[in-house]
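Observations on chain architecture
Chain by chain, the residues:
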Amino acid sequence: MEGKRIYLSSPTMHGEEQAFIKEAFDTNWVAPLGPNVNAFEKEMADYVKIPYASALSAGTAAIHLALKILGVGQGDIVFAPTLTFSATCNPIVYEKAVPVFIDSEMDTWNMDPIALEKAFEKYPNPKAVIVVHLYGTPAKLDEIMEICAAHQVPLIEDAAESLGSTYKGQYTGTFGKIGIYSFNGNKIITTSGGGMLVAWEEEITKKATFLATQARDPARHYQHSQIGYNYRMSNITAGIGRGQLLHLEEHKARKKEIYRQYKEAFADIAEAALNPLNKEGDANCWLTGMKIDKSCHITPDMVMDALAEYNIETRPVWKPMHLQPVFADCDFITVNGSKAREGDLPSVAQEVFDRGLCLPSDIKNTAEDMELIIRIVRKCFGRM
Ligand SMILES: *Cc1c(COP(=O)(O)O)cnc(C)c1O
């Protein structure tokens, strides 16, 4: 293994981040509150064009509080996509609620509205639906929102991977009752770690901030009528976020360019395709994925191994939640049935997992890096 490492998606800092942090130090705002926190909330809300935001310690914390605010509790059912990162679903279990996993569709790899309808047939009264925009590609939001509205169930948008993506011109994260973003280290912008909860109603973000700061009642003495959390974003972290947000558009443009380059470079490889983009949307292309036909003898592992030889980082597609040991008892719904009834079910999500991988999508990749990656992948498919 020679030479430098090429990353899947690593932080890209620009300098303004340090200026905001320096200001925080100079004014001694080194706390889980302060001017950067307030400003970052306002700047994020302005960017995605929603009135209210609450800055939190992680995207996972934001999902947890979203569920709490919607009253999700013991025994409640929550629908979530099976093809996602476990952080989407873990908070359901924190509240002793029951996740029911929904299969993906092939057009965007996201929650299949037809399978979602099936889930409502079997479980008519879930407490909430969580939708994810995988790798930055918006889900079929019109269909999903219509189904949720018809059943009067609130939608939580896990837009952790899709900050900056739009669907019919509107930013993902602003369609549901509550939206969440993540600023973890490999996301399109990062604060090292952090999250944001956004909403159209001030009551919701107020409640989030209240719960995130130990649920202290408005009294001089420390009084608590509810269980709280220590989930607030720090003023230092928020400073990084403010600096990063100035470059979100640039990061998105670069990520889209990476996707475009791969698309062009692999256009003649009929046995593999990139992750599909929603035609109604403008994806941030956080990660470029690839899916290899079932009939092709090349496996994702072979491609990942070939790239690893050159110190190039890749990642498998998220392993579906319904295949995870920790969620073995949970039901899973496809357009063709339910795991609880039929046992193992063939699914779109499993096919994407079995035949998919994520290609290096780091915005610091040079033209030479891209050339090298492309040459290695093409070689795997016997193209020179
Ligand atoms: C990263 C991610 C999260 C979790 O965000 P953290 O800030 O790491 O807690 C949640 N959902 C999805 C889909 C993610 O990719």
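Just so it is clear, the structure is predicted and the values come from calculations on it, not from any experiment.

**So, the pattern of salt bridges**
Pairing between side chains of opposite charge can happen when the charged atoms of each approach one another. Across all of its chains, the model carries 19 salt bridges by this definition. With its nearest N and O atoms 2.9 Å apart, the salt bridge here joins Glu 43 to Arg 242. Taken together, the positions of Glu 43 in helix α2 (residues 35-48) and Arg 242 in helix α8 (residues 235-245) put the pair 199 residues apart, joining distant regions of the chain. Its relative accessible area of 26% is what places Glu 43 among the partly exposed residues. Assessed through its relative accessible area of 14%, Arg 242 is described here as buried. A network of salt bridges, in which partner residues are shared, links Lys 252, Lys 256 and Asp 282.

**Description of the sheet that holds strand β7 (residues 170-171)**
Spatial ordering of the open sheet is given by β7-β6-β11, a layout of three strands whose pairing is antiparallel. Edge positions in the open sheet fall to β7 and β11 (281-282), since each of these has one partner strand only.

**Quick notes on the packing of aromatic side chains**
For the coordinates displayed, the defined rule picks out 11 aromatic pairs. Between the aromatic rings of Trp 109 and Tyr 135, the centroid separation amounts to 6.5 Å while the plane-to-plane angle is 75°, which identifies the pairing as edge-to-face. With a gap of 26 residues between them, Trp 109 in the loop between β3 (98-102) and α5 (113-122) and Tyr 135 in the loop between β4 (128-132) and α6 (141-150) connect regions that are remote in the sequence. Judged by its relative accessible area of 3%, Trp 109 falls in the buried class. On the accessibility criterion, Tyr 135 (1% relative accessible area) is buried. Taken together, the aromatic side chains of Phe 79, Phe 120 and Tyr 123 make up a single cluster linked through ring pairs. When the ring centre of Tyr 222 is taken as origin, the NZ or CZ atom of Arg 216, which lies over that ring, is 3.7 Å away.

**Observations concerning the site of the ligand**
As a structural note, the neighbourhood of the ligand is formed by 15 residues, with Thr 60, Glu 161, Ser 182, Asn 184 and Lys 187 the closest of them. At 3.3 Å from an oxygen atom of the ligand is found a side-chain nitrogen or oxygen belonging to Lys 187. For the ligand, whose unbound accessible area comes to 380 Å², protein coverage reaches 95%. Here the ligand occupies the largest pocket. In terms of residue class, the shell around the ligand is built from five nonpolar, seven polar and three charged.

**Structural notes on the environment of Ala 115**
Here Ala 115 shows up in helix α5. It is 42 Å that separates the C-alpha atoms of Ala 115 and Gly 239, two residues lying 124 residues apart in sequence. Sequence-distant contacts of Ala 115, defined by excluding residues within four places in its chain, comprise Ile 102, Asp 103, Ile 333, Thr 334 and Val 335.

**Comments concerning empty space enclosed by the protein**
Applying the stated criterion to the full structure yields one cavity of 30 Å³ or more. Taken as a whole, the largest cavity spans an internal volume of roughly 60 Å³. Residues belonging to the lining of the largest cavity are distributed by class as follows: four nonpolar, six polar and two charged. The two domains that each donate at least three residues to the lining of the largest cavity are domain 1 (16-245) and domain 2 (249-380).

**Observations regarding the domain arrangement of the protein chain**
Taken domain by domain, the protein chain consists of domain 1 (16-245) and domain 2 (249-380). Each of domain 1 and domain 2 has a C-alpha centre, and the two are 24 Å apart. Opposite the 49 residues of domain 1 that make contact, domain 2 presents 43 residues. Together, the buried faces of domain 1 and domain 2 total about 3,800 Å²; carbon and sulfur atoms form 63% of this surface. With a shortest N-O distance of 2.7 Å, Lys 122 and Asp 331 are connected by a salt bridge.

**What to know about unusual backbone geometry**
Even without being a glycine, Lys 49 presents a positive backbone phi close to 60°. Residue placement: Lys 49 occurs in the loop between α2 and β1 (52-56). The phi dihedral of Cys 285 falls on the positive side, at around 50°, and the residue is not glycine. Tracing the chain through its elements places Cys 285 in the loop between β11 and β12 (288-292). For Cys 285, a relative accessible area of 6% corresponds to the buried category.

**Some details on the environment of Val 37**
Mapped onto the fold, Val 37 is located in helix α2. If we ignore the near neighbours within four places in the chain, the residues touching Val 37 are Ala 55, Arg 232, Met 233, Ser 234, Asn 235 and Ala 238.

**Considering the side chain of Thr 12**
Considering the arrangement of structural elements, one finds Thr 12 in the segment before α1 (16-26). What makes Thr 12 buried here is its relative accessible area of 12%. A polar contact is formed between the side chain of Thr 12 and the side chain of Lys 364, at a distance of 3.0 Å. Not counting residues up to four positions away in its chain, the partners in contact with Thr 12 are Glu 17, Gln 244, His 251, Asp 362, Ile 363 and Lys 364.

**Digging into the sheet that holds strand β16 (residues 356-359)**
Taken in spatial order, the four strands make up an open sheet running β10-β12-β16-β13, and their pairing is antiparallel. Whereas interior strands pair on both sides, the edge strands pair on one side only; in this sheet they are β10 (272-274) and β13 (315-316). Here β12 runs beside β16; their pairing, made up of four bridges, is antiparallel. Following the sheet pairing, Met 290 is matched in β16 by Leu 357.

Procedures and definitions
- Residues numbered from 1 in each chain as written.
- Predicted model: local features only at pLDDT ≥ 70, side-chain atom pairs only at ≥ 80, totals over all residues.
- Heavy atoms only, no water.
- Salt bridge = Lys/Arg side-chain N within 4 Å of Asp/Glu carboxyl O.
- Helix = DSSP H or I, 4+ residues; strand = E, 2+ residues; numbered from the N terminus.
- Buried < 20%, exposed > 50% of the residue type's maximum accessible area, 1.4 Å probe, protein only.
- Pairing = 2+ DSSP bridges.
- Phe/Tyr/Trp six-rings, centres within 6.5 Å; stacked < 30°, edge-to-face > 60°.
- Lys NZ or Arg CZ within 6 Å of the ring centre and 35° of its normal.
- Near = heavy atom within 4 Å.
- Polar contact = N/O pair within 3.5 Å; in protein donor to acceptor, adjacent residues only side chain to side chain.
- Areas by Shrake-Rupley, 256 points an atom, 1.4 Å probe, with all protein chains shown as cover.
- 1 Å grid on protein atoms, 1.4 Å probe; cavity = no way out; pocket = protein on both sides within 12 Å on 5 of 7 lines; lining within 4 Å.
- Sits in = over half its atoms within 2 Å of the grid points.
- Nonpolar A, V, L, I, M, F, W, Y, C, P; charged D, E, K, R; others polar.
- Contact = heavy atoms within 4.5 Å.
- Points joined across faces, edges and corners; volume = space filled by probe spheres on them.
- Domains from an automatic or database assignment.
- Buried area = accessible area lost by both parts, 1.4 Å probe.

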